[in-house]
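Topology and contacts: notes
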Amino acid sequence: LVELSSGHVAIVIRQNRVRRLQPRLLLLTDAKKARRDPPVELDLMRQPKDANGDLIRILRGLPTGAFGIDTNAYFGSSAQTI
């Protein structure tokens, strides 16, 4: 579970072996921490930008259960890709 520079909270679903800080993520919340339903996939390797035009990056890892998110509920879920 990670928090992004855009404010979103996400789960890392696939590592990037070459660029470890640019994994594929499953966005669980929007920038204001409201739950997304369904969650959305985001690939940091594609260098997505936030609303200000800045590159989205991982700010910090979050502890299990942060913001009341049960990560187990998302494994095997269907998500949209952006």
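Let me begin by describing the structure that accompanies this report.

Conventions adopted
- The residue numbers shown here count from 1 along each chain, following its written sequence.
- Residues qualify for local features only when their pLDDT is at least 70, as the model is predicted, and side-chain atom pairs are given and counted only at 80 or more; totals for whole chains, interfaces and linings, by contrast, use all residues.
- Here the side-chain values reflect all heavy atoms present in the structure, with hydrogen atoms and water set aside.
- The way it works is that DSSP assigns letters per residue, a run of H or I at least four long becomes a helix, a run of E at least two long becomes a strand, and they are numbered from the N terminus.
- C-alpha atoms define the radius of gyration, and 2.2 Å times the number of residues to the power 0.38 defines the globule rule.
- When a residue's accessible area, from a 1.4 Å probe over protein chains only, is under 20% of the maximum for its type it is buried; when over 50% it is exposed; and in between it is partly exposed.
- Here a residue-residue contact requires only that any non-hydrogen atoms of the pair lie within 4.5 Å.
- Accessible surface area values rest on a Shrake-Rupley calculation with a 1.4 Å probe, where residue burial reflects the displayed protein chains alone.
- Here, a salt bridge means any side-chain nitrogen of Lys or Arg that lies within 4 Å of a carboxyl oxygen of Asp or Glu.

Assigned secondary structure in the chain consists of 0 helices and 6 strands. Counted from the first residue to the last, the chain has its helices and strands arranged as β-β-β-β-β-β. Since a compact globule built from 82 residues should have a radius of gyration of about 12 Å, the 12 Å found for the chain is in line with a globular shape. Expressed along its principal axes, the backbone C-alpha trace of the chain runs to roughly 30 × 30 × 25 Å. When each of the 82 residues of the chain is scored for burial, the buried share is 38%. For the chain, the proportion of contacts with a sequence separation of at least 24, taken over those separated by at least 6, is 49%. Surface accessibility of the chain: about 5400 Å² in total, with carbon and sulfur atoms responsible for 47%.

When you line up the elements, lysine 32 lands in the loop between strand E3 (24-29) and strand E4 (35-43). Given the relative accessible area of 77%, lysine 32 is considered exposed. Between the C-alpha atoms of lysine 32 and glycine 7, which are 25 residues apart in sequence, the distance is 6.6 Å.

What the rule picks out here adds up to 5 salt bridges. Close ionic contact of arginine 60 with glutamate 3 constitutes a salt bridge, the shortest N to O distance being 2.7 Å. On the criterion of sequence distance, the pair formed by arginine 60 in strand E5 (residues 58-61) and glutamate 3 in strand E1 (residues 2-4) is long-range, its members being 57 residues apart. Residue aspartate 43 pairs with arginine 46 through a salt bridge whose shortest N-O separation is 3.8 Å. For aspartate 43, a relative accessible area of 14% gives the class buried. Residues participating in the shared-partner salt-bridge network are Arg24, Glu41, Asp43 and Arg46.

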